[in-house]
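Residue strings, one per chain:
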Amino acid sequence: MRRISTLPVVAVGLIAFVALVVPWLGLPDPVQIDVPHRLSGPSWDHWLGRDEVGRDILSRLLWGARSSLTVALFSAVIACLVGTTLGVLGGFLGGLVDLATIRLADIVLCFPPLLLALLVVTLLGPGASTLIPVIALVYMPGFVRVAYAGVLGVRHLEYVEAQRALGVGSARIMLRTVLPNISGPVMVQFSLAMASAVVLESGLSFLGLGVVPPAPSWGLMIGAARSTMAQTPLPLLWPCIALTITVLSMNALCDAVRSAVDPHGAVPRRLRWLLPPLPSGLSLAAKGASLAVRDLEVAIDAKDAEVRPVRGVSWEVAPGETLAIVGESGSGKSLSGLAVLGLLPLVARPAAGAALFEGRDLLRLDEPALRHLRGADIAMVFQDPMSSLNPVHRIGTQITEAILVHRSVSRRRAWQEAVELLAKVGIPDAARRARSFPHELSGGMRQRAMIAMAIANRPKLLIADEPTTALDVTIQAQVLELLAGLKAEEGMGVVFITHALPVVAEIADRVMVMYAGEVVEQGPVAEIFARPLHPYTAALLRSAPPEDGSLPQAIPGTVPLPQHLPPGCAFAPRCAHRQAACEATHPALEDVGPDRVTRCLRWRDMSATAQTQQVTA
Amino acid sequence: MWVVRRIGVAFVLVWIVASIVFLAIRMVPGDPAEIMLSQGGVSPDAAIIAELRDQLGLEKSIWVQYRDSMRGMLKGDLGVSLTDQASVARQVFTRLPRTLELIGFAALFSVLFGVPLGVLAALRRGGWLDRVVMALSGLSLAVPVFVVGTLLVLVVAQWLEWLPAGGYTPLARDPARHFAQMVMPALTIASSLAPVLLSMTRASVIDVITRDHVRTARAKGASPPRVVLRHVLRNALMPVVTVLALHLGTLLGGTVLVEYVFNYPGLSGLLVDSVNARDYPMVQGVVLVISVLFVALNLAMDLIYGVLDPRVRRA
Amino acid sequence: MTPLIEAVKLSKQFGGGGVFGFGARPVRALNEVTLSIARGEAVGLVGESGSGKSTMGRVMLGLTPASSGSVRLDGVDIASLRGKETRRLRQRMQLVFQDPYSSLDPRRRISAQIADGLLAHGLARPADIADRVAALLAQVGLPPAHAQRYPHEFSGGQRQRIGIARALAVDPEFLVADEPVSALDVSVQAQVLTLLADLRARLGLAMLFISHDLPVVRSLCDRVVVLYLGRVMEEGPAAEVFRHPRHPYTRALLSAAPNIDPGRRRRRILLRGDPPSPANPPSGCVFRTRCAWAVEACATAVPALAEAVRGHRVACLRVEDAALLGDPDINGPV
């Protein structure tokens, strides 16, 4: 939970304090009638004037605060205690208790609150002793629901399951784990209940069915002042203002409690980022490549500082070639791919570099021009097909949208094409499937549908961000075959982002290995796997279980966060070959052969070791 | 089919509500007939009490009373008013359309104001427009509905004299005045509903905009208006529909205050009058009808939700 | 040797019933699965999504009741235990979860979470708890000084180790690891696998290692059981099943796994279509809808798990059929 903002707390606190100390403020008697002086305006004795039977308005205002807040507080507390207990018991014990509490809450909710209050008041007569229980009853279901939902949500959490597996008793789990977890939503509900209770009480008093006169209440004062408002509006306005300010403060408190309990991330700025001008000498024609990325840097504006999860990354893809970008979490591989198409999340932005495509720099292109390319010349496939497809549109519609956005063809023609595409990616019964919704398809089919959508306009380049990570192994094999086939047929360039080296070996021509936001090695797949020239690549190759059934070799330590990069080589702390020089200087990328680069000071030593190993094998 | 199941549940709820209302009246301590007749502080004649008891059917066993009452309700007979011996049902159903009309306009205003502003605020999140809209919305929400109404009467009707202060004219007799009299009450109700819709819409749009399928839509090259309309709104509006339904139900009770302030002879006004007069059959009838409406409204919204979100249909 | 724990014809069904007959169709997560694990033995349970492997783990631990069949610990049916005996059960068998981020309570210090088991079973006096926790942390390779930290201060791999420490606290004899490394980075997976192997050797733990990743299972386990749609397809010594898979599903599974070394790649056997829904399984052999070798007989009879070679059992009507063996074993003797 985060800190709560102070202003609403102060405001409500002040009001509550005033209400508390009213008896000691030496105010005139709030029920003292003085008809001859009725409706007199403000004066020294009576700062706010007098009401329609001569009572002091300020005094009634402050005493009214006391009665309204008291009723509201007691009602909210009772509703909270009873409601939360019922909800927790129902959620935790299940069965009959569950049914009873939830159904009860539903029935109470069938009555609009004011109505329920009116009904009870009719039967039992007005007054605070009736008001408090009935208002408590009205807001109880809210607590029951919140507590119930909270308990249900927590019950299935793995750490609760772990405690059950350990044999920890139910009561203990409930107290230690469940209650602290629902405390947030319950607090939000409490503040809501209090604010609503104040309004409900004033409404009832306004109708003459709440607090019994002559005891003061704001609602009562407003109701009474109505009859004379044509003559003097002031007696009406004072209680209106008091009530409004109180409710406003309480609502603000509700919002503050809600944000403290459930904070959202920083509000990202939405300006279009302005990159520094391209360095001179950078030829806009990337020789032979479809896409050439140069020195890309992505920045994220964190609270205090700027963090660069992608630094100085350069790569190229030629038509018909597959480049794999390999890295673990924190390597920056996904961000590199998203940056090219301008699809970074709002908190991130490209900070430097260029992405050259057909003579233009994608990073400096204006949005309409970039949109023109997205889904047409350059397409993207994402990791999770369930969340990446719109759940309320049919598959066929989503594919035709991709077509219609870029080409002017008839709807019918576009639909036909969509069906053909679905068949092409291996979805059986394509015409019928096109009318399905995403949730009606399996994971593998959804991913194929996404691929169909991506190739609808015959892109020159396909960027696939971990497209098979969420799929079963056998389905993954199918999808990889599909991609290989499409690539061969269409001559598409493919950028395949993944964390799995074996997948890279199967489908890629060239590979780029990333670690902690930088490129550490790059070159043809066969060469790199046979002769890795960076310790990280070598270690990664060894961390897959070998064929002979022995255990894989671990890399000690963890990937550093971009905020806490070590001086020198980012991999040094975990590297078995590190030397003093590695930790002192940050190595630059070196050309170690035709189309091969590595970022290691000791690559020659690695090369030598590899050769000796090959000789003895 | 899930539709049938939902409707079934609604019927059960209504029956439970009716039973509770029935029981509530009979749970009051003392003899109901005597209490009803002694409101004026005068001890009633035993013969009159007996007549009332007979009329209310209090001589029969509780089960018979219950059965008669339920059967009556199914037939549409809600008993007879104590104040003027007129049929409760007739009064209720004369006034019901007026209240519904009022709520309809209020909902319309709320949606027209709340939803587009909410969408705009979400798209310009963090900017000055967002902050202004949210501040105004917060203020509108904080001012209780009867305060808004009273102040509107003061300012618009009494000071500026733009609109009549209240009352009701049937549509057939004078359409212009009919609508003129409805503007302020509807706006008053909207003042508490529009902010809720606005902030719900805003929160929902902000949530949906960060979802993966919106990113996919952008990756397809769709233009921002298209992304917002086809991909964001349809998904974002579903929770808003739910909230609208929830609050319309609450409004059914909330019109009490507004009708009182504007002297609008709707259902809620009838309720307050009969509460003050301790006219139990009338109170029972009105509460029952309103509760039934409430349940029906929730049901309608559930069904609409099913249309909007195909995933629900399967469940 | 009597097995430490065995599942006998275990079936588990979810859903079904419902009001007014409108209920959802029941889903059979497990269908007559028989499996036994000896003391100190590590058995790998392999399957893809919908295979029922996670359910199997939980039913064996008694966290979810079986619909039919039984689970026996040292010959005693765990469903027949009552009260204190059930608690004792919890001490002898433990679970390690898949997701290191949701398996620890974010609001409590890790020392408290590791100590939960110790306190629940009265295994240590309050004064000794701190020492026990420190020893456990050391055992899993974490600095004991970090005991007072909160979960969010640790990385995924470290959290997983904490989960293991928590499970070890009660001195269990049997550990179920439900995809313990799937949510971790590749370089970290090896760390946790090495730890598990090490602990197993030192403490003599019996283990059920649930995973979808065959190569990982092979590196850690003695035996492997292949599950598909709630039924056992193949079962045998890990190395043997790997080198000579006999069931068409196992063969497809192994061939589908991408391999770094092109020389060692198997000819890919692609499965047709998608896995059927567990709510609507095919008749006879559940795999027949995707099997390239299916014949008519496969639809009528559920193939029994029969021994093909010593210790290596296969549930397939055509296992003897020479045609199935197809290409020679390309993995050859090492």
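Note that the structure is a prediction, hence the values are computed from the model and not measured. For every chain, the first residue of its written sequence is number 1, and the numbers climb from 1 along that sequence. For naming, the first written chain is A and the first written ligand is 1, with later ones following in the order written. For a predicted model such as this one, the threshold for reporting local features is a pLDDT of at least 70, and the threshold for listing and counting side-chain atom pairs is 80 or more; totals across whole chains, interfaces and linings nevertheless cover every residue. For side-chain calculations, the full set of non-hydrogen atoms in the structure is used, while hydrogens and water are omitted.

## What about the overall build of chain B?
Scanning chain B for helices and strands turns up 13 helices and zero strands. Across the 315 residues that make up chain B, the buried fraction comes to 48%. Long-range contacts, defined as pairs at least 24 residues apart, comprise 72% of the intrachain contacts of chain B with a sequence gap of at least 6. Accessibility throughout is a Shrake-Rupley quantity obtained with a 1.4 Å probe, and a residue counts as covered only by protein chains that appear here. Carbon and sulfur atoms form 66% of the exposed surface of chain B, whose accessible area is close to 14,600 Å². Helix numbering and strand numbering both begin at the N terminus, where a helix is a DSSP run of H or I of at least 4 residues and a strand a DSSP run of E of at least 2. Between buried and exposed lies partly exposed: a residue is buried under 20% and exposed over 50% of the maximum accessible area for its type, with that area taken using a 1.4 Å probe on protein chains only. The contact criterion used is simple: two residues touch if any of their non-hydrogen atoms lie within 4.5 Å.

## Section: the interface of chain A and chain C
The interface is formed by 52 residues belonging to chain A together with 58 residues belonging to chain C. What gets called buried area is simply the loss in accessible area from a 1.4 Å probe that two parts show on being joined, summed for both. Between chain A and chain C, roughly 4,800 Å² of surface is buried when both sides are summed, and carbon and sulfur atoms account for 55% of that area. Among the residues chain A hides against chain C, the three largest losses belong to Glu158, Leu166 and Glu547 of chain A. Together they make up 15% of the total. Put simply, a salt bridge is a Lys or Arg side-chain nitrogen that is within 4 Å of an Asp or Glu carboxyl oxygen. With a closest N to O distance of 2.6 Å, Arg58 of chain C and Glu161 of chain A form a salt bridge. Here a polar contact means two N or O atoms within 3.5 Å. Within protein one must be a hydrogen donor candidate and the other an acceptor candidate, and residues neighboring in sequence count only if both atoms are side-chain atoms. Where chain A touches chain C, the interface holds 15 residue pairs in polar contact (both at pLDDT 80 or more). Per element, the largest residue contribution to the side of chain A that touches chain C is eight residues, and it comes from helix H6 (residues 158-166) of chain A. All amino acids are sorted into three groups, where Ala, Val, Leu, Ile, Met, Phe, Trp, Tyr, Cys and Pro are nonpolar, Asp, Glu, Lys and Arg are charged, and the leftover types, Gly among them, are polar. Of the residues that constitute the side of chain A that touches chain C, the class distribution is 22 nonpolar, 18 polar and twelve charged.

## Quick notes on the interface of chain B and chain A
Listed by partner, the interface residues are 67 residues for chain B and 64 residues for chain A. Area buried by chain B at its contact with chain A is led by Arg215, Arg218 and Lys220 of chain B, which between them contribute 11% of it. The tally of links between chain B and chain A comes to four salt bridges. Residues Glu367 of chain A and Arg218 of chain B are paired through a salt bridge, measuring 3.9 Å at the closest nitrogen-oxygen approach. Across the contact surface, chain B and chain A share 15 residue pairs in polar contact (both at pLDDT 80 or more). Those elements that provide at least two residues to the side of chain B that touches chain A are helix H1 (2-27), helix H6 (128-142), helix H7 (145-159), helix H9 (212-219), helix H10 (224-261), helix H11 (267-276), helix H12 (280-308) and helix H13 (310-314) of chain B. Counting residues per element, the side of chain B that touches chain A draws most heavily on H10 of chain B, which supplies 16 residues. Of the residues that constitute the side of chain B that touches chain A, the class distribution is 40 nonpolar, 16 polar and eleven charged.

## A closer look at the domain arrangement of chain A
How far each domain reaches was decided by an automatic or database domain assignment. Annotation of chain A at the domain level lists domain 1 (45-261), domain 2 (386-457) and domain 3 (529-616). If you average the C-alpha positions of domain 1 of chain A and of domain 2 of chain A, the two centres end up 50 Å apart.

## Quick notes on the packing of helix H7 (residues 170-206) of chain A against helix H8 (residues 218-226) of chain A
The description of two packed helices rests on the angle between their axes and on the distance between the axes. All names here are of chain A. Orientation of H7 relative to H8, taken along the N-to-C sense of each, is 35°, at an axis distance of 7 Å. By crossing handedness, the relation of H7 to H8 is classed as right-handed. Counted together, Ser202, Ser205 and Phe206 of H7 and Gly219, Leu220, Ile222, Gly223 and Arg226 of H8 form the full contact between these two elements. Grouping the amino acids of the contact of H7 with H8 by side-chain chemistry returns three nonpolar, four polar and one charged. Here an angle of 0 to 180 degrees is reported between the N-to-C directions of two axes, which are lines fitted to C-alpha atoms, with helices fitted over the stretch in contact. Crossing handedness is defined as follows: a turn of the near helix away from the far one that is anticlockwise and smaller than a right angle gives a left-handed crossing, while the clockwise case is right-handed.

## Details of H7 of chain B
Residues and elements named next belong to chain B. With 15 residues, H7 should reach 21 Å at 1.5 Å per residue; the first-to-last C-alpha distance of 20 Å fits that figure. Listed in full, the buried residues belonging to H7 are Val145, Phe146, Val147, Val148, Gly149, Thr150, Val153, Leu154, Val156 and Ala157. Just beyond H7, the residue with positive phi is Glu161, at close to 55°. To estimate the expected span of a helix, subtract one from its residue number and multiply by 1.5 Å.

## A few points about the pattern of salt bridges
All names here are of chain A. Inspection of every chain in the model, using the stated rule, returns 44 salt bridges over all chains. Its salt-bridge partner being Lys424, residue Glu490 comes within 2.7 Å of it at the nearest N-O pair. In this pair, Glu490 sits in helix H17 (residues 473-490) while Lys424 sits in helix H14 (residues 411-424), placing the two residues 66 residues apart along the sequence. On the basis of relative accessibility, which here comes to 23%, the residue Glu490 falls in the partly exposed class.

## Describing H6 of chain B
Compared with an ideal rise of 1.5 Å per residue, which puts 15 residues at 21 Å, H6 of chain B spans 21 Å between its outermost C-alpha atoms and is within 8% of the ideal. Listing the buried residues of H6 of chain B in full gives Asp130, Val133, Ser137 and Ala142 of chain B. The arc enclosing the buried residues of H6 of chain B, seen along the axis, measures out at 160°, which places them on a common side. Summarising the geometry of H6 of chain B, the exposed residues directed more than 90 degrees from the buried face are Trp128, Arg131, Ala135 and Leu136 of chain B. Taken together, the buried residues of H6 of chain B touch helix H9 (234-261) of chain A together with helix H5 (88-123) and helix H8 (175-209) of chain B. Arc definition: it is the arc formed by the directions from the helix axis to the C-beta atoms.

## Some remarks on the sheet that holds strand S7 (residues 174-178) of chain C
Hydrogen bonds between backbone groups are what pair the strands of a sheet, and the pairing can be parallel or antiparallel. Residues and elements named next belong to chain C. Paired strands are those between which DSSP finds at least two bridges. In space, the eight strands of this open sheet follow the order S6-S7-S8-S3-S9-S10-S12-S11, with mixed pairing throughout. Since the sheet does not close on itself, it has two edges, and those belong to strand S6 (93-96) and strand S11 (306-309), each with one partner. Pairwise comparison of adjacent strand axes, ignoring direction, gives a mean angle of 20° for this sheet. Pairing analysis gives five bridges linking strand S3 (residues 42-46) to strand S8 (residues 206-211), with the strands arranged parallel. Across the sheet, the residue bridging to Val43 is Leu208, located in S8. Its contacts with the sheet put helix H2 (residues 84-92) on S6 and S7, and the angle it makes with S6 is roughly 50°.

## Overview of the state of the cysteines
Residue and element names in this part refer to chain A. By definition, disulfides here are pairs of cysteine sulfur atoms that lie within 2.5 Å. Per the stated rule, a full pass over the model turns up zero disulfides over all chains. This cysteine, Cys569, is not joined by any disulfide, and Cys582 carries the nearest cysteine sulfur, 6.3 Å off. With no disulfide of its own, Cys575 lies 6.3 Å from the sulfur of Cys600, the closest cysteine sulfur. A residue is classified by how much of its surface remains accessible, and Cys575, at 9% relative accessible area, is buried.

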